[in-house]
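# Fold and geometry: a report
So you can see what is in the structure, the chains are spelled out below.
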Amino acid sequence: MLVTGIEILQDAHKNNYAVGAFNVNNMEIVQAIIEAAEELNSPVILQASQGGLKYAGVEYIAALGKVAAEKAKVPVALHLDHGTDFQQIMLCIRHGFSSVMIDGSQYELEENIAITKKVVEIAHAVGISVEAELGKIGGIEDDIVVDEREATFTDPMEAKLFVDKTKVDYLAIAVGTAHGVYKGEPKLDFDRIKAIKEAVNIPLVLHGSSGVPNDAIEKAVSLGINKINIDTDLRIAFTDAIKDFLKKDPDNIDPRKILGPGKEAMKEVIKEKMRLFGSAGRA
Ligand code: 13P
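Residues numbered from 1 in each chain as written. Predicted model: local features only at pLDDT ≥ 70, side-chain atom pairs only at ≥ 80, totals over all residues. Heavy atoms only, no water.

### Topic: the site of the ligand
The condition is simple: Whether a residue is near a molecule or strand is decided by its heavy atoms; if any one of them lies within 4 Å of it, the residue is near. For the purposes of these results, a polar contact is taken to be a pair of N or O atoms within 3.5 Å, where, inside protein, one atom must be able to donate a hydrogen and its partner to accept one; residues adjacent in sequence count only when each atom of the pair is a side-chain atom. Counting from the N terminus, the helices are the DSSP runs of H or I reaching at least four residues and the strands are the DSSP runs of E reaching at least two. Under the scheme applied here, ten amino acids are nonpolar (Ala, Val, Leu, Ile, Met, Phe, Trp, Tyr, Cys and Pro), four are charged (Asp, Glu, Lys and Arg), and all others, including Gly, are polar.
Contacts to the ligand come from 16 residues, most closely from Asp81, Gly208, Ser210, Asp231 and Thr232. Within the backbone of Gly208, an N or O atom sits 2.8 Å from an oxygen atom of the ligand. For the shell around the ligand, the elements supplying multiple residues, two or more each, are strand E3 (76–83), strand E9 (178–179) and strand E11 (225–230). Looking at the shell around the ligand residue by residue, the classes come out as two nonpolar, 11 polar and three charged.

### A closer look at the sheet that holds strand E6 (residues 138–141)
Picture the strands of a sheet paired through backbone hydrogen bonds; they go either parallel or antiparallel. Threshold: Being paired, for any two strands, means DSSP has found at least two bridges between them.
The three strands are arranged E7-E6-E9 in an open sheet whose pairing can be described as mixed. Each having just a single partner strand, strand E7 (144–146) and E9 make up the two edges of the open sheet. In this structure, E6 lies alongside E9, joined through two bridges in parallel fashion. Within E9, the residue paired with Gly138 across the bridge is Ala178.

### Details of the pattern of salt bridges
Applicable threshold: Put simply, a salt bridge is a Lys or Arg side-chain nitrogen that is within 4 Å of an Asp or Glu carboxyl oxygen.
Using the criterion set out here, one finds 15 salt bridges in the structure. Here Glu38 makes a salt bridge to Lys73, at a shortest N to O gap of 3.8 Å. In this pair, Glu38 sits in helix H2 (residues 27–40) while Lys73 sits in the loop between helix H4 (58–71) and E3, placing the two residues 35 residues apart along the sequence. Members of the salt-bridge network, linked through shared partners, are Glu35, Glu39, Lys263, Lys267 and Lys271.

### Comments concerning the environment of Lys167
Definition in use: Buried means the residue's accessible area, taken with a 1.4 Å probe over protein chains only, is under 20% of the maximum for its type, while exposed means over 50%, and partly exposed covers the values in between. The contact criterion used throughout is that any non-hydrogen atoms of two residues lie within 4.5 Å.
You can see Lys167 is positioned in the loop between helix H7 (156–166) and strand E8 (170–173). What makes Lys167 exposed here is its relative accessible area of 55%. Along the backbone, Lys167 and Ile113 are 54 residues apart, and their C-alpha atoms lie at a distance of 9.8 Å. With near-sequence residues (within four places) excluded, Lys167 lies in contact with Val120, His124 and Phe162.

### Brief notes about the pairing of strand E2 (residues 44–49)
Defined as follows: Clockwise travel from the first strand over the helix to the second, with the strands pointing away from the viewer, marks a crossover as right-handed.
Most of E2 sits inside the fold, with six of its six residues counted as buried. Summarising the sheet, strand E1 (residues 19–23) and E2 pair through three bridges and their orientation is parallel. Paired with Asn23 across the bridge in E2 is Gln47. The β-α-β motif built from E1, the intervening H2 and the parallel element E2 has right-handed crossover chirality. Here E2 runs beside E3; their pairing, made up of six bridges, is parallel. Paired with Val44 across the strands is Val76, a residue of E3.

### Regarding the nonpolar core
Quick reminder of the rule: By convention a nonpolar core is built from buried Ala, Val, Leu, Ile, Met, Phe, Trp, Tyr and Cys residues, the set being connected through side-chain atoms within 4.5 Å.
Counting residues in each nonpolar core, the largest one holds 79 residues, and the members touching the most others are Phe97, Leu171, Ile193 and Ile270. Ranked by residue count, the leading element in this core is H2, at eight residues. Apart from residues lying up to four places away in sequence, Leu171 is in contact with Ala132, Glu133, Leu134, Ala159, Phe162, Val163, Ile202, Pro203, Leu204 and Val205. Leu9, Val19, Ala172 and Val205 belong to the second largest nonpolar core, which has 13 residues in total.

### Re helix H1 (residues 5–15)
Here is the rule: The arc refers to the directions leading from the helix axis to the C-beta atoms.
Burial in H1 covers these residues: Gly5, Ile8, Leu9, Ala12 and His13. Down the axis, H1 shows its buried residues gathered within 130° of arc, on one side only. Across H1 from its buried face, at more than 90 degrees, point the exposed residues Glu7 and Lys14. Within two residues after H1, Asn16 carries a phi angle of roughly 60°, on the positive side.

### With respect to the packing of aromatic side chains
The criterion, for reference: The rule is short: rings of Phe, Tyr and Trp, with Trp giving its six-membered ring, pair when the centres are within 6.5 Å, and they are stacked under 30 degrees, edge-to-face over 60, tilted in between. Both a distance and an angle decide whether a charge sits over a ring: NZ of Lys or CZ of Arg must be within 6 Å of the ring centre and within 35 degrees of the ring normal.
If you walk through the whole model with that rule in mind, you get zero aromatic pairs. It is Lys118 that lies over the ring of Phe86; its NZ or CZ is 4.2 Å from the centre. For the cation-ring pair, Lys219 lies above Phe190, with the distance from its terminal atom to the ring centre recorded as 4.6 Å.

### Brief notes about the packing of helix H6 (residues 109–125) against H7
As a reminder, the rule being used: Here, axes are lines fitted to C-alpha atoms. For helices the fit covers the stretch in contact, and angles between N-to-C directions go from 0 to 180 degrees. Note: crossing handedness is left-handed where the near helix turns anticlockwise from the far helix by less than a right angle, and right-handed where it turns clockwise.
Put simply, H6 and H7 touch, their axes get as near as 9 Å, and they point 35° apart. Relative to H7, H6 is oriented so that their crossing is right-handed. Between H6 and H7, the contacting residues are Leu109, Asn112, Ile113, Thr116, Lys117 and Val120 on the first element and Glu158, Leu161, Phe162, Lys165 and Thr166 on the second. When grouped by side-chain class, the residues that make up the contact of H6 with H7 number five nonpolar, three polar and three charged.

Spelled out as structure tokens, the structure:
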């Protein structure tokens with residue numbers, strides 16, 4: 001069933017576990033996520049980035065997400081990841097997304113508060129929940145590029161002010177992760193996660209979570225992370241399996257046979273993440 005993001009994340013916040021938000025660009029990815037969620041009886045968030053919407057079209061992503069959610073036996077939210085364009089956020093709401101992110105992290109605090117507040121007011125009026133970002137997460141997520149030197153960690157007191165003023169439902173924080181493939185091992189600022197959680201007391205979101213060691217993820221969840229974004233690890237699983245298949249069967253021309261192993265490989269990774277995040281069995 002299709003539910004709002006906050007319906008899923010409120011339970012995770014109360015019961016101290018996290019739900020995976022997996023990036024989708026096509027039907028195979030959507031199916032892999034939903035099958036994994038159903039097999040493990042886990043709530044799940046399907047999310048599309050602006051790059052994903054550019055690739056597939058908002059109508060296609062919305063239709064795929066809604067059909068998948070309506071058919072699913074577990075709660076599913078359809079979320080816009082890193083929305084930076086007001087018009088596009090409105091379009092996603094109009095097309096039936098049940099959660100949107102307004103990423104105003106490129107602005108100064110006052111402007112980030114103003115744009116986030118505007119989106120929250122509109123989204124809440126039609127029953128849609130909202131994620132915002134405070135601090136700046138480094139790395140590359142499709143068309144958003146933040147140089148590591150420009151990344152800035154989230155300040156707990158600023159986070160409290162931000163949440164009080166905007167009434168945002170869940171907050172993406174910058175605590176040492178980055179989008180894309182890591183060069184070295186990421187070092188998370190656990191004290192900061194704890195301090196932000198104590199200050200805001202709402203669900204917290206970890207971006208750039210592919211490649212973060214399992215023990216660091218577990219600790220982050222125990223300190224208050226409730227939504228964990230995964231894209232790169234799914235891409236790697238998908239393409240590695242397809243490369244493998246084509247190496248063994250280079251003359252195969254059937255897209256179903258070629259994409260099938262990619263989907264299965266992604267599904268296994270998603271199931272591992274659901275168990276690690278503690279969302280398995282929570283639907
Ligand atoms: P990764 O690509 O590092 O998994 O990050 C995904 C993400 O945070 C999407 O917003």
